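Here are the chains, one letter per residue:
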Amino acid sequence: MANNKILDSIRTTTFIILLLTSIPLFANYILGQGPSRELIIHLHVWFGLIFLILAIISMRLRNKK
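Model, not experiment: these values are computed from the prediction.

The rules behind each value
- Residues numbered from 1 in each chain as written.
- Predicted model: local features only at pLDDT ≥ 70, side-chain atom pairs only at ≥ 80, totals over all residues.
- Heavy atoms only, no water.
- Salt bridge = Lys/Arg side-chain N within 4 Å of Asp/Glu carboxyl O.
- Helix = DSSP H or I, 4+ residues; strand = E, 2+ residues; numbered from the N terminus.
- Buried < 20%, exposed > 50% of the residue type's maximum accessible area, 1.4 Å probe, protein only.
- Phe/Tyr/Trp six-rings, centres within 6.5 Å; stacked < 30°, edge-to-face > 60°.
- Patch = residues over 30% accessible without salt bridge, like charges linked within 9 Å, V, L, I, M, F, W, Y side chains within 5 Å.
- Areas by Shrake-Rupley, 256 points an atom, 1.4 Å probe, with all protein chains shown as cover.
- Contact = heavy atoms within 4.5 Å.
- Expected span 1.5 Å × (residues − 1).
- Polar contact = N/O pair within 3.5 Å; in protein donor to acceptor, adjacent residues only side chain to side chain.

**Student:** How would you summarise the pattern of salt bridges if you had to cite specific residues and measurements?
**Tutor:** Tallying each qualifying case throughout the model produces two salt bridges. A salt bridge links Asp-8 to Arg-62; the shortest N-O distance between them is 3.2 Å. With Asp-8 in helix α1 (residues 2–31) and Arg-62 in helix α2 (residues 38–64), this residue pair connects regions lying 54 residues apart in the sequence. Under the relative-accessibility criterion, Asp-8 is labelled partly exposed at 24%.

Encoded structure:
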């Protein structure tokens, strides 16, 4: 039970970071500019992957119950 709460909080945190890194990328896209910092791109990609993996694990754990 405690593991599910930890997994949920980490998944929520990664999703929030994913959303926050989307804002500057989207703004640059709308303005027709390239990304201003590569770090934002890397953070967006890595936190997106972590979120995807955690979401899949969470769905599998919920289906086993």
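**Student:** Requested: an account of the packing of aromatic side chains, with residues and values cited.
**Tutor:** In total, this model carries one aromatic pair according to the counting rule given. With centroids separated by 5.2 Å and ring planes inclined at 40 degrees, the aromatic side chains of Phe-15 and Phe-51 adopt a geometry described as tilted. With Phe-15 in helix α1 and Phe-51 in helix α2, this pair connects stretches of sequence that are 36 residues apart.

**Student:** Break down a nonpolar patch on the surface for me, citing the residues and quoting the values.
**Tutor:** A cluster of nonpolar side chains, Ile-16, Leu-20 and Ile-23, forms an exposed patch at the surface whose accessible area comes to about 300 Å². Looking at the secondary structure, you find Ile-16 in helix α1. Among the residues examined, Ile-16 registers a relative accessible area of 44% and is labelled partly exposed.

**Student:** An account of the environment of Leu-7 is requested, with residue identities and associated values reported.
**Tutor:** Mapped onto the elements, Leu-7 comes out in helix α1. Along the backbone, Leu-7 and Ile-57 are 50 residues apart, and their C-alpha atoms lie at a distance of 9.0 Å. Ignoring any residue separated from it by four or fewer positions in sequence, one finds Leu-7 in contact with Leu-54, Ile-57, Ser-58 and Leu-61.

**Student:** Lay out α2 with the relevant residues and their values.
**Tutor:** The terminal C-alpha atoms of α2 lie 40 Å apart, and with 27 residues this matches the ideal 39 Å at 1.5 Å per residue to within 8%. The set of residues buried in α2 consists of Gly-48, Leu-54, Ala-55 and Ser-58.

**Student:** Explain the side chain of Thr-21 to me, using residue names and the numbers behind them.
**Tutor:** On the secondary structure map, Thr-21 appears in helix α1. In this structure Thr-21 comes out as buried when scored by relative accessible area, which is 7%. Among the polar contacts made by the side chain of Thr-21, one reaches the side chain of His-44 at a distance of 3.0 Å. The residues touching Thr-21, leaving out its near neighbours within four places in the chain, are Ile-40, Leu-43 and His-44.

Purely geometric numbers; function is a separate question.
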